[in-house]
Amino acid sequence: ARAVLGTRNLVLVGLMGAGKSSIGRLVANQLGIPFVDTDIEIERVSRMTIAELFEAYGEAEFRALETRVIKRLLKGGPRVVSTGGGAFINERTRRHVKRSGLSVWLKADLDVLWDRVSKRDTRPLLKTENPKQTLENLMNSRYPIYAEADLTVLSRDVGKDVMVKEVLAAIV
Ligand code: SKM
């Protein structure tokens, strides 16, 4: 799998709760290449949490920062890059991602996602009256776009080791 990548990145896309960060970190370990998480990098450079950024500057500013940060992180591969849930939805970012390497959509169904995100309260987009419905709306609007990723791996509750193997198997 490492040889297949060469200097290309492996970029994980998909909704919050799909496991992009936790699986991505383990995949990077297996491949022996660096792991970066765009949300964490955004928080590092802004010295604010994502929730604080949304609150202080709004979603549009967050998206502008996200686009810049990702563009920079995609340079200098190979890396495993876990992207924020909305990143791949941006057309320019999508183009950058696709040029920089292999994109993998971690696809999960609503109940799997909900089970995972409802345990944490750090997702500004889900601060709505009916967060599960909001998540479902995001699925419906975004799934056709995530489907443009090079590969799709179904994210289920089968244990992280199995998920890591499936991602690695998908790229060879
Ligand atoms: O990037 C963060 C932020 O909360 C927005 C987001 C989204 O649009 O799905 C997902 C998170 O990873």
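Going by the structure above, here's the rest.
Numbering of residues starts from 1 in each chain and follows the order in which that chain's sequence is written. Residues qualify for local features only when their pLDDT is at least 70, as the model is predicted, and side-chain atom pairs are given and counted only at 80 or more; totals for whole chains, interfaces and linings, by contrast, use all residues. Side-chain metrics in this entry use all non-hydrogen atoms of the structure; hydrogen atoms and water are not considered.

This part covers the environment of proline 34. Relative to the assigned elements, proline 34 resides in the loop between helix H2 (20-31) and strand S2 (35-37). On the basis of relative accessible area, proline 34 is assigned to the partly exposed category, the value being 46%. Placed 65 residues apart in sequence, proline 34 and arginine 99 show a C-alpha to C-alpha distance of 19 Å. Between two residues, a contact is recorded if the distance between any of their heavy atoms is within 4.5 Å. Each residue touching proline 34, except ones within four places of it in the same chain, is listed here: Ala28, Pro78, Arg79 and Val80. Helix and strand assignments follow DSSP, with helices taken as H or I runs no shorter than four residues and strands as E runs no shorter than two, numbered in order from the N terminus. Type-normalised accessible area, obtained with a 1.4 Å probe on protein chains alone, sets the label of each residue: buried when under 20%, exposed when over 50%, and partly exposed for intermediate values.

This brings us to H2. Helix span, as expected, comes to 1.5 Å for every residue beyond the first. With 12 residues, H2 extends 16 Å from end C-alpha to end C-alpha; this agrees with the ideal 16 Å at 1.5 Å per step. Those residues of H2 that sit buried are Lys20, Ile23, Gly24, Val27, Ala28 and Leu31. Viewed along the axis of H2, the buried residues span an arc of 135°, placing them on a single side of the element. In H2, the exposed positions angled more than 90 degrees off the buried face are occupied by Asn29 and Gln30. Those residues of H2 hidden inside the fold are in contact with helix H1 (2-5), strand S1 (9-13), S2, strand S3 (80-82), strand S4 (101-107) and helix H8 (160-171). Glycine 32, located one to two residues past H2, shows a positive phi value of around 70°. The arc in question is traced by the directions running from the helix axis to the C-beta atoms.

Quick look at unusual backbone geometry now. The omega angle of the peptide bond from glycine 77 to proline 78 is 5°, so this bond is cis rather than trans. Here proline 78 lies in the loop between helix H4 (50-74) and S3. Even without glycine at this site, arginine 47 takes up a positive phi of about 55°. According to the relative accessible area criterion, arginine 47 is exposed, its value standing at 76%.

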